[in-house]
Amino acid sequence: MKRFYSAVVGAIAACLLVLLASTHFTTAFSRQFGVDPMLVQRAEQITNDRFNMVTQTRLGAKVISVGKPNVAMLNAIDSGLTDLFAVARRHGYTRRLNYDAYTVFIGNADRTKDSAGNYSPDIAVPAGQYAGSTYDQGGFIYAAGMVLAFNPCAFVIANHTQDLQRASNVVRYEGEHLVLYYNDRKLYEDTADHSNGGGHPILN
């Protein structure tokens, strides 16, 4: 009987240690890499994922993900930001056109195909202003990405295992909202909400 209770107590203690270590890891993870814990928490609340990996693209964008992203995905992020910065400069914009200003969260896809059967890794997010529209899936919508914060410039996208050009496009499109926020507030306000129509690309 003593052995049984010892085993139970040991198991409970082990579970508590795992929980404490997990909490500590999240805090240490955030502090070590200069990530706001509240930003990580917001991303996790939206996607129901656990973000525990941090890395950087070759050009300097910060990437926070549920697993280690492969080189192709990191390059796709750089490519999307490069396209974004190029079109922004054509419009005369100058603010927030540097890679290290951006933090990209990569979450698990809640679906990998759209209603037409096309490859479309998307995340499920609360319907919000899209409630009752054709996008409403019952209190949530599927989105290619979502802006999380303006400072730092942060957004979340779903992980891609193929069609990396689509991933680049999603990065560029989510980045459009952030570039407009800092460079053209009126156009940002006119295009931030797609529930009244409109879409991407906003800048050509």
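Our structure is the block above this text.
Residues numbered from 1 in each chain as written. Predicted model: local features only at pLDDT ≥ 70, side-chain atom pairs only at ≥ 80, totals over all residues. Heavy atoms only, no water.

**Q** Sorry, what's going on with unusual backbone geometry here?
**A** Excluding glycine, residues mostly have negative phi values, and the peptide bonds linking residues are mostly trans. Across the junction of Asn151 and Pro152, the peptide omega takes the value 10 degrees, indicating a cis bond. For Pro152, the location among the structural elements is in the loop between strand E7 (145-149) and strand E8 (153-158). A cis amide bond links His200 to the next residue, Pro201, at an omega of 0 degrees. Within the secondary structure, Pro201 is located in the segment after helix H5 (185-191). With a phi angle near 60 degrees, Arg96 is a residue other than glycine that sits in the positive phi range. Examined against the element boundaries, Arg96 turns out to sit in the loop between helix H3 (71-90) and strand E3 (102-107). One non-glycine residue, Asp163, lies in positive phi territory at about 45 degrees. Within the fold, Asp163 resides in the loop between E8 and helix H4 (164-183). (Helix = DSSP H or I, 4+ residues; strand = E, 2+ residues; numbered from the N terminus.)

**Q** Where do I start with H3 in this structure?
**A** Three or four residues apart is the spacing at which side chains of an α-helix point the same way, because the helix has 3.6 residues per turn. In a regular helix each residue adds 1.5 Å, so 20 residues correspond to 28 Å; H3 covers 29 Å between its end C-alpha atoms and thus fits that length. Of the positions making up H3, those classed as buried are Met73, Leu74, Ala76, Ile77, Asp78, Gly80, Leu81, Leu84, Phe85, Val87 and Ala88. Looking at the buried positions of H3, the neighbouring elements they touch are strand E1 (53-56), strand E2 (62-65), E3, E8 and H4. Residue Asn70 occupies the N-cap position of H3, its side-chain oxygen lying 3.2 Å from the main-chain nitrogen of Ala72. Looking one or two places after H3, you find Gly92, whose phi comes out positive at around 85 degrees. (Expected span 1.5 Å × (residues − 1). Buried < 20%, exposed > 50% of the residue type's maximum accessible area, 1.4 Å probe, protein only. Contact = heavy atoms within 4.5 Å. Polar contact = N/O pair within 3.5 Å; in protein donor to acceptor, adjacent residues only side chain to side chain.)

**Q** For this particular structure, what's the right way to read the packing of aromatic side chains?
**A** To describe a pair of aromatic rings, you give the distance between the ring centres and the angle between the ring planes. Within the structure shown, the criterion is met by seven aromatic pairs. Each ring, one from Phe150 and one from Tyr181, has its centre 3.9 Å from the other, and the planes form 15 degrees; the classification is stacked. Taken together, the residues Phe150 in the loop between E7 and E8 and Tyr181 in helix H4 connect sequence positions 31 residues apart. Overall, the relative accessible area of 25% leaves Phe150 in the partly exposed class. Ring centres of Tyr181 and Tyr188 lie 5.3 Å apart, and the angle between their planes is 85 degrees; on these two criteria the pair is classed as edge-to-face. (Phe/Tyr/Trp six-rings, centres within 6.5 Å; stacked < 30°, edge-to-face > 60°.)

**Q** I keep staring at the pairing of strand E6 (residues 140-143) and nothing clicks. Help me out?
**A** Within a regular beta strand, the side chains point alternately toward one face of the sheet and then the other, so they alternate between its two faces. Residues of E6 alternate between two faces, with Ile141 and Ala143 buried on one and Phe140 and Tyr142 left unburied on the opposite face. Across four bridges, the pairing between strand E5 (residues 119-126) and E6 is antiparallel. The residue bridging Pro126 from the neighbouring strand is Phe140, located in E6. (Pairing = 2+ DSSP bridges.)

**Q** Would you take a moment to explain the sheet that holds strand E4 (residues 111-113) for this structure?
**A** Strand pairing in a sheet takes place through backbone hydrogen bonds and is either antiparallel or parallel in direction. The sheet built from three strands is open, its strands ordered E4-E5-E6 with antiparallel pairing. The sheet terminates laterally at E4 and E6, the two strands that pair on one side only. Across the sheet, the mean angle from the axis of one strand to that of its neighbour is 35 degrees, orientation sign disregarded. (Axes fitted to C-alpha atoms, helices over the stretch in contact; angles between N-to-C directions.)

**Q** So what exactly am I meant to see when it comes to the nonpolar core here?
**A** The nonpolar side chains of a soluble globular protein tend to be buried, and buried together. Judged by nonpolar contacts, the single largest core of 32 residues is most densely connected at Ile77, Leu81, Phe85, Tyr102, Phe155, Ile157 and Val179. Of all the secondary-structure elements, those providing two or more residues to this core are H3, E3, E8 and H4. Of the residues forming this core, the biggest block, nine residues, is contributed by H3. Residues contacting Phe155, with those up to four places away along its chain left out, are Tyr102, Thr103, Val104, Phe105, Met146, Val147, Leu148, Val171, Glu174, Gly175 and Leu178. Membership of the second largest hydrophobic core comes to 20 residues, among which are Phe51, Val125, Ala143 and Ala149. (Core = buried A, V, L, I, M, F, W, Y, C linked by side-chain atoms within 4.5 Å.)

**Q** Can you help me understand helix H2 (residues 37-47) in this one?
**A** Looking at H2, one finds that the buried residues are Leu39, Val40, Ala43, Glu44, Ile46 and Thr47. The buried residues of H2 occupy an angular sector of 165 degrees when the element is viewed end-on, so they sit on one face. Opposite the buried face of H2, at more than 90 degrees from it, the exposed residues are Met38 and Gln45. Sitting at the head of H2, Asp36 places a side-chain oxygen 3.0 Å from the backbone nitrogen of Met38. The first or second residue beyond H2 is Asn48, which carries a positive phi of 60 degrees. (Arc of directions from axis to C-beta.)

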